[in-house]
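Summary of the model geometry
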Protein chains: 2
Amino acid sequence: MPTINDVAKRANVSPVTVSRVLNGAPNVNDMTRLRVNRAIAELGYVPNIVARSLRSRRTRSIALILPDITNPFWPTVARGVEDAAQRDGYTVLLCNSDENAQKQARYLEAVISQQVDGVLIAPANSDAANLAPLRDRAIPTVVIDRRVDGWDGDAVRGDSVGGAELLTRHLIELGHRRIAMLSGPATTSTSQDRFAGYQAALQRAGIPLDPDLVRFGEFRQGSGAEMTHAVLALQPAPTAIFAANNAIALGAIQAVGERGLQVPQDVALVCFDDVSPSAQLFPFLTVAEQPAYQMGLEAARLLFARLDEGDAHPPRLITLPVRMIVRYSCGSGRGESILSLPLPHTAVVAA
Amino acid sequence: MPTINDVAKRANVSPVTVSRVLNGAPNVNDMTRLRVNRAIAELGYVPNIVARSLRSRRTRSIALILPDITNPFWPTVARGVEDAAQRDGYTVLLCNSDENAQKQARYLEAVISQQVDGVLIAPANSDAANLAPLRDRAIPTVVIDRRVDGWDGDAVRGDSVGGAELLTRHLIELGHRRIAMLSGPATTSTSQDRFAGYQAALQRAGIPLDPDLVRFGEFRQGSGAEMTHAVLALQPAPTAIFAANNAIALGAIQAVGERGLQVPQDVALVCFDDVSPSAQLFPFLTVAEQPAYQMGLEAARLLFARLDEGDAHPPRLITLPVRMIVRYSCGSGRGESILSLPLPHTAVVAA
DNA sequence: GCGTATCATGAAAACGATTCCATTATAGGA
DNA sequence: TCCTATAATGGAATCGTTTTCATGATACGC
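Residues numbered from 1 in each chain as written. Chains lettered and ligands numbered in written order. Predicted model: local features only at pLDDT ≥ 70, side-chain atom pairs only at ≥ 80, totals over all residues. Heavy atoms only, no water.

Moving on, we get to the environment of H170 of chain A. Residues and elements named next belong to chain A. Position of H170 among the secondary structure elements: in helix α8 (residues 160–173). Since its relative accessible area comes to 11%, H170 is described here as buried. Ignoring any residue separated from it by four or fewer positions in sequence, one finds H170 in contact with M324, V326, C330 and S332. (Helix = DSSP H or I, 4+ residues; strand = E, 2+ residues; numbered from the N terminus. Buried < 20%, exposed > 50% of the residue type's maximum accessible area, 1.4 Å probe, protein only. Contact = heavy atoms within 4.5 Å.)

So this is what it looks like as structure tokens:
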């Protein structure tokens, strides 16, 4: 591979001048610039970013640490981040923490080692100690989607409390009184906030909170199914379920089916976060939709601004609005449940 | 940030010895190793990968260049790659070429600049010239999912011909004679191969090929919708559609609906590649499913083997089997079409 | 007891760029 | 004419690690 020195020799200049051309420095003679560019083209020279980063102490790369890439919400956030990064010439390192603080710690060490210029993270839990490696090294960081106790840096999140209140109120207005709240880990702020919104809506309607109806598990389909089985076994059973995210809702649909019941005839269902776009050919779930793409976009912008300005501005918090999309699963739509159809015949044939 | 020299001083050894400990070299005294490790822990030292890569000329990173991350097929491939990479301690740089040769060229330059050790690529088209930068620099490369004319390196792909033949034969067995083939760009080998399988199945059944029924467009929903409108306007219209991938199939469903028709009552539909797992709560599409995850896994393994062995082995080609999953959209399942339901009422409410 | 492995360690060079500082040439102002 | 500002350029140091080579110490075989 040709280096900057090969280019320099061929263009009869010093490596310094080549570097100037590469970086668009203003004080280079036009003729020289031409010669250098010709040499670059002739050699097929591509700058070695590793060497550049070592000397310049900036890699123009950022880390994006997400809790679960199998949930379509997060890839959507990632696309927002990537689009913003592309515009500003940054590379994104995508890491999947699996909602696991230990795995997250390993990734943090890895990206610090990679010398990323900044970090976007949706932390596995709300303990600020987990972010200590970033704080200690003064690595610019934006926290996405979740609160971290005692962390006063830049952050972007959706209005979890408002969205949860909206969904719960909608169920109440449909006449439901026994509404189960199936949530993620109690240690993540989104679980806490969505529970708070649920609680607020109940209180406003004068409905007492039944602790049996509130469950904390994981933001996964399997956990959602388990929690659903648990609450549906109660006497009396809830008539509606509020799932704290889409994966839990999918688990709820599954479990409801397993019990021979139907959504929404037997159990109404609402949840946070929309499902994958391709599932929307069959619009079904009533959801509180967070602007995932915009969340990624704004978070990245916040980070890039911070990278430019340093600590000039005080920390910024962006709270994005949440909108409710009333579809089918809450029971207020017309028509009959998709799930009431006989399940189509599925056969598998190898080639 | 502490460096290897800081660790060396604190442990009273030379930086060389610290490096040896870091890299698990065998000939280091146990006591020394202990002292060094203690110093590392006390300082919270994390090696600078950038500096390491510059000197060692290996970054332990690979590039994965995909044509469309919004199609769930590719993230699934990516997960396979990432899991394999994680096991071997490699970092994956994910790039989205958007099926665009120019964008792909830019990404290639970027990842060469990043000094990746190897490249996994599903090329935007079958022209080997696009991969010249990789070949010139002798960067180990594995081609995924598609053929490249005149390229004899390592490759992993699905059995496109076999899968296409399977799907087409299934439609023929259901009695269809006018089957439209809606494909991606004619310049990608998957389009070519799936067309070849389609053609073979027709020939075997003694059905003449009607060129009007064969369309090449893009692997996108919008293109699928356009092509569907075009073939459904023919006289006589086709009674079945074979979509060359899932996105085209989604476009077909959309267009069929727009014309007031139903799948599968009015038009049967089959396609290549499954849709997102969350859509499978409502199993609908009859598909030829490629083992996407395994494709990513095998491709990464092939690359890592190549990185270890150099050119010791001749190029390897892995062809993965394709299986047909017969569901609903081809018309051979029982029950009625999901799409015959009144579309549920959808309302949007802001928080 | 001598030559030869083997072990443990370090000094210095190297990787390929950028940064800092110095130098030369030219133009412009007094 | 002389002084200074500006433009264009290059030499040398530098970023933090690994690699290469050298060295001293200890053990081993005969």
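Let us now look at the packing of aromatic side chains. In this structure the tally under the stated criterion is 11 aromatic pairs over all chains. Pairing Y90 of chain B with F304 of chain B gives two aromatic rings, centres 4.5 Å apart and planes at 15°, and the pair type is stacked. Residue Y90 of chain B is located in the loop between α5 (73–88) and β2 (91–96), and its partner F304 of chain B is located in helix α12 (residues 292–309); the two are separated by 214 residues in the primary sequence. In this pair, the class of Y90 of chain B matches that of F304 of chain B, namely buried. A centroid spacing of 6.1 Å and a plane angle of 35° characterise the contact between F284 of chain B and Y328 of chain B, whose relative ring orientation is tilted. Residue F284 of chain B is found in the loop between β9 (268–272) and β10 (286–289), and its partner Y328 of chain B is found in the loop between β12 (323–326) and β13 (347–350); the two are separated by 44 residues along the sequence. Y328 of chain B shares its class with F284 of chain B; the two are buried. Clustering of aromatic rings is evident, with ring pairs tying together F195, Y198, F216 and F242 of chain A. (Phe/Tyr/Trp six-rings, centres within 6.5 Å; stacked < 30°, edge-to-face > 60°.)

Our next topic: the protein's contact with DNA strand D. Lining the immediate surroundings of DNA strand D are 26 residues, of which T17 and T32 of chain A together with I4, S19 and Y45 of chain B lie closest. Contact distances for DNA strand D include 2.7 Å between a base oxygen and a side-chain N or O atom of R20 of chain A. Those elements giving two or more residues to the surface near DNA strand D turn out to be α2 (15–22) and α4 (49–56) of chain A together with α1 (4–11), α2 (15–22) and α4 (49–56) of chain B. Per-element accounting of the surface near DNA strand D gives the leading share, four residues, to α4 of chain B. Along the lines of polarity and charge, the residues of the surface near DNA strand D split into nine nonpolar, 12 polar and five charged. (Near = heavy atom within 4 Å. Polar contact = N/O pair within 3.5 Å; in protein donor to acceptor, adjacent residues only side chain to side chain. Nonpolar A, V, L, I, M, F, W, Y, C, P; charged D, E, K, R; others polar.)

The full set close to DNA strand C counts 25 residues, and I4, S19 and Y45 of chain A together with T17 and T32 of chain B are the nearest of them. In DNA strand C, the atoms that sit within 4 Å of the protein are 62% sugar and phosphate, with bases accounting for the remainder. In this structure, a base nitrogen belonging to DNA strand C sits 3.0 Å away from a side-chain N or O atom of R55 of chain B. Between R57 of chain B and DNA strand C, the recorded distance is 2.8 Å, taken from a side-chain N or O atom to a sugar or linking oxygen. For the surface near DNA strand C, the elements supplying multiple residues, two or more each, are α2 and α4 of chain A together with α2 and α4 of chain B. For the surface near DNA strand C, the element with the most residues is α4 of chain A, which contributes five residues.

Residue and element names in this part refer to chain A. Looking at where Q104 falls in the secondary structure, it is placed in helix α6 (residues 101–113). For Q104, the side chain forms a polar contact with the main-chain nitrogen of A124, separated by 2.7 Å. If we skip the residues at most four places from it in the chain, Q104 touches S97, I121, A122, P123, A124, N130 and L131.

Attention shifts here to the domain arrangement of chain A. With domains assigned, chain A is organised as domain 1 (4–47), domain 2 (57–159 + 291–318) and domain 3 (160–289 + 325–340). Using only C-alpha atoms to locate each centre, domain 1 of chain A and domain 2 of chain A end up separated by 36 Å. (Domains from an automatic or database assignment.)

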